[in-house]
Amino acid sequence: MGSTLVWRARDLPLGLKIVAAAVAGSMLFAALGLAGAIRLRTLAAEQDRAYSTNVQALIYMTEVRSAIGGQQEAVLSYVLADPGPYRRTYRQDIAASDEILNRQLAALAAVDLPDHIQRQRRAVNIDIGVWRRARDTSLAEAANGADRAGVIYTVQRLNTIVAAAKQSADRLMQELVTGVAAGTKRASQASGRTAQLMLVLGLASAAVALASALLVARSLARPLAEVMDVVTRAAGGDLSKKVTFRRKDEIGRMGAALNDTMAILERTFGEIEHRANHDSLTGVGNRALLHRRLLEAEEASTMGQAFGIVLLDLDNFKQVNDRHGHAAGDHVLIVAAQRMTQVVGTAGTVARLGGDEFAVLLEGPAEPGGVVTAEALRRLADVLTEALEQPTVFDGEILTPRISTGLALWKEGQTSEATVRAADAALYAVKASRKGTMSSHQRERLVNLAAALPEAVAEEQFEVLYQPLVDLRTREVIGVEALIRWHHPSFGTVSPLEFIPLAESTGYIAEIGLWVLEQSCRQVRRWHEENPGKKNLYASVNVSPAQLRDPSFVQDVFAVLERTGLAACHLALEVTESAIVDEEAAKVLLSNLRARAVRISIDDFGTGYSSLRYLTSLPIDVVKIDRSLTGQLDGTPEHAVLIDSVLRLGRALNFTVVAEGVETAEQADELELLGCSAGQGYFWAKPLPASSMGERLRAASLSDASG
């Protein structure tokens, strides 16, 4: 039977064989087409599900983050508001946003997401929980009437916690966005492999159905290649490319879904980038955007283009907040930003640096030839001042802002950071001149000093003077306090009372402080080598509040000690009570220094409001009694009682007491009788140059050797 069938097939006409082969090939091709269609339908369904899941989760997460931000604003308004109806309104807003937040978190939890995204979602829930607990605590503290310092601390703590919650939410949103892109790419890659397999098998049957194979190849390969190109570009960061074909089949639906995904990704990344570079209240640029534009302007300056910076400060902003509420203050900030944007246009960049401080970067063709001049900068500052000081109405109240400006023009060889510091110094000078009864001459001097400070730092126009610290029992010099002076080529010697506030306001104080520290350590080390009898001489160096806030300060101090070769036990760092803003942070920093033998000294003791508390809470080796207390000594018990109390505390708490401002022999003798360890003042010497101080030490060493 089988042999008969083989024979009959062998005897079939050639045409019939061709027809049979064609039919078989067509059936094979039809089967392949059916399998490919099923596979494409499956891929499209999977992509639709992944797309819907991730997009829905992304929508929920966007609403969660928005609810967090809105509730944080209501919480801060509640904490900062006075008791009354405003607080009740803010409390209702908090409760309402809490319900929205709970609904969105519950909806997000119900979405079927991959494990790694679920872990990130749980992390967001934990951060939100931490924030809620801190929020409830803060609301309770505010309701119970916490003091102003407590309110400020509460605001800072809430801002820190909510920033962490927002960062966690942003990471989850990034994971969702990445998941959408990755899922689309995987589905498209699988579709591409399917299309390639179908193309290969179709070509194998081309002898039977060549026309159909070419048609299918053209129908599938081109759109899938376009999909692959879109996905590849998206993986490289280009989200602008979209598929152009329009079909009603599975490939068409996949292309439409891909276009929707690219649009969501482009919009989401655009929103993230905008939030990262713009102020959320006013819509103008923030500090990050200004920094980037400054670097771009600095780079362009190498090609002969100049730029300038104008800093603006709303002088009466605090009064607006205090008298009319924070909503009025926000209104003033928004109107100011709008007016600045209208004035500046496309010639520069407007940015809010924080609080009531703005900056305008002037660049581009502000003058013929594209050169920014000092005159153009002054005109811009005048126009901005005139525009911003126009009254504005809020809730029926007329609000009239008052503006201070500081401006600086980039100079050749100067960095953008130095230019901003120069503008900051000029702003400080303008604001300082408006306080008290400063004459026009004094104001002009202050402005000129502010402008000259960056050059003074670069050229080291400073000198360190040394005032001896004397053992009251032996009357020997046991240490020196380093005191800085500025020798300006035009202004002469400038008092630190003039330039230290300028340096603190512009950020130069950290650089100047480290310079003084290194000069002092190097000089004391040199005196150790020159005077064998003064091996225990130590340097006492003042530390500014800005240095205490610098997280790298401890590392910088020990780097200076290593470079100069001075032992840590021969260095004392003087801090004033007013410099300690964050007591806990200061305690950690000072403890780290003291743990490695650096002495800690409290300067000007007796002038602060919480002196005794600092004596028991901070790691202290030396207390320097303020000259105002020393000056009262006249041999009577009444005027010695305060110093005697400090000395008793010193003996009880095991710290050394140094009296500042000793000007007479009688004061020195009385301090010795009271049991004071050391003194400092004009009775022994005014602050001396290093050469004069060295001669005094050498004379003392020779006297000791001969005796």
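Scroll up for the structure.
Residues numbered from 1 in each chain as written. Predicted model: local features only at pLDDT ≥ 70, side-chain atom pairs only at ≥ 80, totals over all residues. Heavy atoms only, no water.

A. Broad picture of the overall build of the protein chain. When its secondary structure is counted, the protein chain shows 23 helices and 15 strands. Looking at the protein chain as a whole, 45% of its 707 residues qualify as buried. Relative to all contacts within the protein chain whose residues are 6 or more apart in sequence, the contacts with residues 24 or more apart total 68%. Taken as a whole, the protein chain presents about 35700 Å² of accessible surface, with 55% of it coming from carbon and sulfur. (Helix = DSSP H or I, 4+ residues; strand = E, 2+ residues; numbered from the N terminus. Buried < 20%, exposed > 50% of the residue type's maximum accessible area, 1.4 Å probe, protein only. Contact = heavy atoms within 4.5 Å. Areas by Shrake-Rupley, 256 points an atom, 1.4 Å probe, with all protein chains shown as cover.)

B. A look at the side chain of threonine 405. Looking at the element boundaries, threonine 405 is found in strand S6 (residues 403–409). With residues near it in sequence (within four places) discarded, threonine 405 still touches Val310, Leu311, Leu312, Ala381, Thr385, Leu427 and Val430.

C. Structural detail: the pairing of strand S3 (residues 357–362). The buried count for S3 comes to five of six residues, which makes it a mostly enclosed element. Where strand S1 (residues 308–314) lies against S3, six bridges are found, and the strand directions are antiparallel. Bridge pairing in S3 places glycine 308 opposite leucine 362. Here strand S2 (residues 348–354) pairs with S3 via six bridges, running antiparallel. Bridging from a neighbouring strand, arginine 352 pairs with phenylalanine 358 of S3. Between the antiparallel neighbours S2 and S3 lie two residues, among them glycine 355 with a positive phi of about 60 degrees. (Pairing = 2+ DSSP bridges.)

D. Representation of the packing of aromatic side chains in the model. Tallying each qualifying case throughout the model produces seven aromatic pairs. Measuring from centroid to centroid gives 6.0 Å for phenylalanine 307 and tryptophan 410, while their planes differ by 25 degrees, and the two rings are stacked. Here phenylalanine 307 is found in the loop between helix H8 (287–301) and S1, whereas its partner tryptophan 410 is found in the loop between S6 and helix H12 (416–433), with 103 residues between them in sequence. Across this residue pair, the class does not change: phenylalanine 307 and tryptophan 410 are buried. A centroid spacing of 6.1 Å and a plane angle of 55 degrees characterise the contact between phenylalanine 462 and tryptophan 515, whose relative ring orientation is tilted. Here tryptophan 515 lies in helix H15 (residues 508–530) and phenylalanine 462 lies in strand S7 (residues 462–471), a separation of 53 residues in the sequence. Given the relative accessible area of 9%, phenylalanine 462 is considered buried. Taken together, the ring pairs connect Phe462, Trp486, Phe499 and Trp515 into an aromatic cluster. Positioned over the ring face of tyrosine 508 is arginine 421, at 4.5 Å from the centre of the ring. (Phe/Tyr/Trp six-rings, centres within 6.5 Å; stacked < 30°, edge-to-face > 60°. Lys NZ or Arg CZ within 6 Å of the ring centre and 35° of its normal.)

E. Examining the sheet that holds S1 more closely. The strand order across the open sheet formed by four strands is S2-S3-S1-S6, and the pairing between neighbours is antiparallel. This sheet does not close on itself; its edge strands, each paired only once, are S2 and S6. Going across the sheet, the axis of each strand differs from the next one's by a mean of 20 degrees, ignoring polarity. Running at roughly 160 degrees to S2, helix H10 (residues 326–344) makes contact with S1, S2 and S3 of the sheet. Most of the contacts of helix H11 (residues 374–388) go to S6, to which it runs at about 165 degrees, and overall it touches S1, S3 and S6. (Axes fitted to C-alpha atoms, helices over the stretch in contact; angles between N-to-C directions.)

F. Highlighting the packing of helix H17 (residues 553–564) against helix H18 (residues 583–594). In contact at an axis separation of 10 Å, H17 and H18 are set at 20 degrees when each is read in the N-to-C sense. As the angle between them shows, H17 and H18 are arranged roughly parallel. Crossing of H17 against H18: the hand is right-handed. The segment H17 lies against H18, with Phe553, Val554, Val557 and Phe558 engaging Leu589, Asn592 and Leu593. Split by residue class, the contact of H17 with H18 holds six nonpolar, one polar and no charged. (Parallel < 35°, antiparallel > 145°, perpendicular 65-115°, else oblique. Left-handed = near helix turned anticlockwise from the far one by under 90°. Nonpolar A, V, L, I, M, F, W, Y, C, P; charged D, E, K, R; others polar.)

G. The arrangement of the layout of surface pockets in detail. Empty space within the second largest pocket amounts to approximately 1000 Å³. In terms of lining residues, the second largest pocket is bounded by 36 residues, among which Glu481, Leu483, Pro496, Ile500 and Asn542 are the most central. Sorting the residues of the lining of the second largest pocket by element identifies strand S8 (477–488), helix H14 (496–506), H15, strand S10 (538–542), helix H16 (545–549), strand S11 (571–576) and strand S12 (599–605) as the ones contributing at least two each. Here the residues of the lining of the second largest pocket are counted per class, giving 15 nonpolar, eleven polar and ten charged. (1 Å grid on protein atoms, 1.4 Å probe; cavity = no way out; pocket = protein on both sides within 12 Å on 5 of 7 lines; lining within 4 Å. Points joined across faces, edges and corners; volume = space filled by probe spheres on them.)

H. Highlighting the pairing of S11. Taken across its six residues, S11 has five buried, putting it largely inside the fold. Of the strand pairs in this sheet, S11 and S12 are connected by five bridges, and their pairing is parallel. From the neighbouring strand, leucine 573 faces S12, where its bridge partner is isoleucine 600.

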